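As a plain string of letters, each chain reads:
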Amino acid sequence: MEIIALQTDIQWHSPAANCRVVDEWLRQMSPEPGALVVLPEMFASGFSRDTSVATEGWAETEEQLSRFASRYSIALMAGMATGRTGCRANESVTFGPDGRELARYRKLHPFSLAGEMEVYPAGSEIVTFAWGGFTIAPFICYDLRFPEIFRAAVDKGANLFAVVANWPNRRQQHWSTLLRARAIENMAGVVGVNRAGGDPEFTYAGGSAILGPQGDVLAEADQAPGFIRAGLSPATVEECRQQFPALRDRRTVIPSL
């Protein structure tokens with residue numbers, strides 16, 4: 001399956017402008033039918049705690065994402081600030097080639113250091129969905145620091161993780177290291193999509209990456225807006241897991257010492 005990470009310089013509180021940017025990049029990249037294309041966290045607004053502004057027009061933005069997925073016959077995943085049923089949330093939503101929603105995941109770990117949990121309630125469910133022969137588990141930014149939820153996703157069958165983020169430049173080394181760790185310890189593919197540019201509070205160094213199940217870098221972005229692409233097959237992940245039995249040898253009950 002072709003995997004594409006689209007790393008954009010998100011225009012602050014400008015969903016229409018950000019959708020136009022995505023449209024332009026999709027035309028340029030011309031993804032293969034059936035590809036998985038992933039956009040950053042809160043791609044339409046930037047990482048904003050002004051929820052009334054960040055969620056403005058969220059339904060129309062999702063309709064636009066649905067049209068993009070249908071137009072290019074792809075699975076399109078994007079981070080969104082949403083306002084469904086009156087509850088604002090930091091979510092990842094994925095649409096399929098028929099324009100229908102494939103998956104919706106709410107961030108399990110709001111970023112406490114920035115007060116995110118005060119405006120975007122935490123999710124309560126690990127989500128997986130099938131695409132391209134993979135079982136894909138979406139996660140969002142700060143979730144990357146919590147390995148137990150990735151292992152729980154593996155227990156639900158996940159063999160590919162998609163992490164969307166607005167990960168600040170000051171902790172960029174953590175981003176690249178943790179993406180590789182999640183791939184290696186779970187013997188899973190990983191696509192991590194960060195943003196480029198800056199917002200009123202932070203700067204971002206990009207560094208989006210697509211990794212194989214041994215932490216091997218299949219494609220990696222620099223700091224500039226743009227996209228990376230790579231192919232990965234479920235058979236490659238399965239072969240890795242068969243050849244090195246760490247998941248099978250895992251002890252789920254730890255004896256007291």
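Here goes a summary of the coordinates provided. The shown structure was predicted, so the numbers you read here are calculated from the model rather than taken from an experiment. (Residues numbered from 1 in each chain as written. Predicted model: local features only at pLDDT ≥ 70, side-chain atom pairs only at ≥ 80, totals over all residues. Heavy atoms only, no water.)

## Considerations on the packing of helix α4 (residues 147-155) against helix α5 (residues 172-186)
Helix packing geometry: the angle between the two helix axes and the distance between the axes.
Thought 1: Where α4 meets α5, the axes come as close as 11 Å, and the angle between the chain directions of the two elements is 40°. The angle between α4 and α5 falls in the class oblique. In this structure, the crossing between α4 and α5 has a hand that is right-handed. In contact with P147, F150, R151 and V154 of α4, α5 contributes R182, E185 and N186.
Thought 2: Looking at the contact of α4 with α5 residue by residue, the class counts come to three nonpolar, one polar and three charged. (Axes fitted to C-alpha atoms, helices over the stretch in contact; angles between N-to-C directions. Helix = DSSP H or I, 4+ residues; strand = E, 2+ residues; numbered from the N terminus. Parallel < 35°, antiparallel > 145°, perpendicular 65-115°, else oblique. Left-handed = near helix turned anticlockwise from the far one by under 90°. Contact = heavy atoms within 4.5 Å. Nonpolar A, V, L, I, M, F, W, Y, C, P; charged D, E, K, R; others polar.)

## Topic: the sheet that holds strand β7 (residues 134-140)
Thought 1: Reading across from one edge, β6-β7-β8-β9-β12-β13 is the order of the six strands in this open sheet, with mixed pairing throughout. In this open sheet, the two strands that pair with only one neighbour each are β6 (129-131) and β13 (217-220). Strand-to-strand twist of the sheet, defined as the mean angle between neighbouring strand axes without regard to direction, takes the value 20°.
Thought 2: Summarising the sheet, β6 and β7 pair through three bridges and their orientation is antiparallel. In the strand pairing of β7, W131 is matched with F134.
Thought 3: Across the sheet, α5 lies against β8 (160-164), β9 (189-193), β12 (209-211) and β13, angled at about 160° from β9, the strand it touches most. (Pairing = 2+ DSSP bridges.)

## Remarks on the packing of aromatic side chains
Thought 1: In this structure the tally under the stated criterion is nine aromatic pairs.
Thought 2: Pairing F139 with F150 gives two aromatic rings, centres 4.3 Å apart and planes at 35°, and the pair type is tilted. Placement of F139 in strand β7 and of F150 in helix α4 is noted, with a sequence separation of 11 residues between them. The same class applies to F139 and to F150, which are both buried.
Thought 3: With 5.5 Å between their ring centres and 45° between their planes, W167 and W175 make a pair best called tilted.
Thought 4: Exposure remark for W167: the relative accessible area of 3% places this residue in the buried category.
Thought 5: Judged by relative accessible area, W175 falls into the buried class, the value being 0%. (Phe/Tyr/Trp six-rings, centres within 6.5 Å; stacked < 30°, edge-to-face > 60°. Buried < 20%, exposed > 50% of the residue type's maximum accessible area, 1.4 Å probe, protein only.)

## Remarks on helix α1 (residues 15-29)
Thought 1: The end-to-end C-alpha distance of α1, which contains 15 residues, comes to 21 Å, matching closely the 21 Å that a straight helix rising 1.5 Å per residue would cover.
Thought 2: Residues of α1 that are buried in the fold lie against β1 (2-7), β2 (36-38), α3 (58-72) and β14 (226-231).
Thought 3: Taken from the residues just after α1, S30 is the one with a positive phi, measuring 45°. (Expected span 1.5 Å × (residues − 1).)

## Quick notes on the sheet that holds β1
Thought 1: If you trace the six strands from one edge of the open sheet to the other, you get β5-β4-β3-β2-β1-β14, paired in mixed fashion. Taken across any chain shown, the strands that pair with only one partner, and hence form the sheet edges, are β5 (101-106) and β14. Averaged over all neighbouring strand pairs, the angle between strand axes comes to 20°, with direction disregarded.
Thought 2: Bridge analysis of strand β4 (residues 89-95) against β5 gives five bridges, and the strand direction is antiparallel.

## Describing the environment of V163
Thought 1: Positionally, V163 belongs in strand β8.
Thought 2: Excluding its chain neighbours within four sequence positions, the residues that come into contact with V163 are F139, C141, L144, F150, W175, L179, V191, G192 and V193.

## Observations regarding the nonpolar core
Taken as a class, soluble globular proteins show a tendency for nonpolar side chains to be buried jointly.
Thought 1: Ranked by size, the top nonpolar core spans 48 residues in total, and within it I136, F139, L144, F161, L179 and V191 carry the most contacts.
Thought 2: Residues in contact with F139, not counting those within four places in the same chain, are Y105, I149, F150, A153, F161, A162, V163 and V164.
Thought 3: Counting residues in hydrophobic clusters, the runner-up holds 22 residues, among them I4, L6, C19 and A35. (Core = buried A, V, L, I, M, F, W, Y, C linked by side-chain atoms within 4.5 Å.)

## Observations concerning the pairing of β13
Thought 1: Sheet topology places β12 next to β13; three bridges connect them, and they run antiparallel. If you follow A209 over to β13, its bridge partner there is E220.
Thought 2: Where β12 hands over to β13, the hairpin turn is made up of five residues, of which G215 adopts a positive phi near 80°.

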